[in-house]
Amino acid sequence: SSPISESFDLYADVSLLPAVATVDRLSFTYDEKAHELKISSVYHPLEYSGGYYKFEWYRDGIMVSESDFVDVKNVSDSGEYSLKITFFFGEDSSSITYDAIAVNVYPKSIIPPVIDDVIHKPGALVTPNVEHSPYYTYDPVFVKGPGSYFVELTLTDKENYRWADQDGESVLVGFNVV
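This text gives an overview of the structure that appears in the document.

Reading the values: rules and limits
- Residues numbered from 1 in each chain as written.
- Predicted model: local features only at pLDDT ≥ 70, side-chain atom pairs only at ≥ 80, totals over all residues.
- Heavy atoms only, no water.
- Pairing = 2+ DSSP bridges.
- Helix = DSSP H or I, 4+ residues; strand = E, 2+ residues; numbered from the N terminus.
- Axes fitted to C-alpha atoms, helices over the stretch in contact; angles between N-to-C directions.
- Contact = heavy atoms within 4.5 Å.

## Points about the sheet that holds strand β1 (residues 20-23)
Right, on to step 1. One open sheet accounts for three strands, arranged β1-β3-β6; its pairing is antiparallel. Of all the strands in the sheet, the pair left with one neighbour each is β1 and β6 (69-72). When the angles between neighbouring strand axes are averaged without regard to direction, this sheet yields 20°.
Right, on to step 2. Sheet topology note: the strand β3 (residues 35-43)/β6 ladder contains four bridges and is antiparallel. Counted as the bridge partner of Lys 38 is Phe 69 from β6.

Given below as structure tokens:
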């Protein structure tokens with residue numbers, strides 16, 4: 001007699017594994033350029049079989065990008081980032097979150113200029129020759145007699161610049177009228 005055969009479907013309960021990624025920390029001094037916080041590598045064995053990724057970047061718990069990178073430029077962009085990567089394959093998906101990705105943007109240190117002495121001209125107003133810079137502004141100072149005076153320099157961007165040896169957004173720089 002022949003064996004009894006029956007047709008049936010067999011299903012396995014299999015979970016889709018999450019992707020594996022590498023993300024580097026980012027640390028730099030403000031230089032007016034955007035730097036990319038990005039994924040160094042990402043891999044899933046099914047990515048070439050029709051799978052695809054979705055990226056979600058968060059800074060301090062708030063979503064900031066759905067790209068595979070985040071532009072970081074200003075000191076205010078510093079913080080703790082996390083990246084959620086979801087891999088989709090057919091109707092299945094799996095996610096993994098990379099937490100505690102440190103990003104540090106440090107303010108650029110500005111050295112105040114040295115102001116040369118000014119020659120006194122009897123009866124005339126004189127003003128010091130202050131080096132022009134995109135990092136600070138100042139109001140012109142006009143003085144009439146010999147002595148020691150100051151020019152107040154104020155940072156143009158108090159978030160991203162700081163004085164090299166002092167706190168605050170302004171610094172007093174001395175000069176002499178001789």
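That covers the picture; the talk isn't over yet.
## Some thoughts on the environment of Ala 21
Right, on to step 1. As for its position among the elements, Ala 21 is in strand β1.
Right, on to step 2. Each C-alpha atom of the pair Ala 21 and Ile 39 lies 6.9 Å from the other, and the pair is 18 residues apart in sequence.
Right, on to step 3. Beyond its immediate sequence surroundings of up to four residues, Ala 21 is in contact with Ile 39, Ser 41, Val 42, Ile 85 and Tyr 98.

## A word on the pairing of strand β11 (residues 147-155)
Right, on to step 1. Taken together, the three bridges between strand β10 (residues 136-138) and β11 define a ladder with antiparallel strand orientation. From the neighbouring strand, Thr 137 faces β11, where its bridge partner is Thr 154.
Right, on to step 2. Across eight bridges, β11 lies against strand β13 (residues 170-177) in antiparallel orientation. Looking across to β13, one finds that Thr 154 is bridged to Ser 170.

## Details of the sheet that holds β13
By way of backbone hydrogen bonds, the strands of a sheet pair with one another, either parallel or antiparallel.
Right, on to step 1. Strand order in the open sheet formed by three strands is β10-β11-β13, with antiparallel pairing between adjacent strands. Two strands in the sheet have a free side with no partner beyond their single neighbour: β10 and β13. Strand after strand, the sheet turns through a mean of 35° between neighbouring axes, direction not considered.

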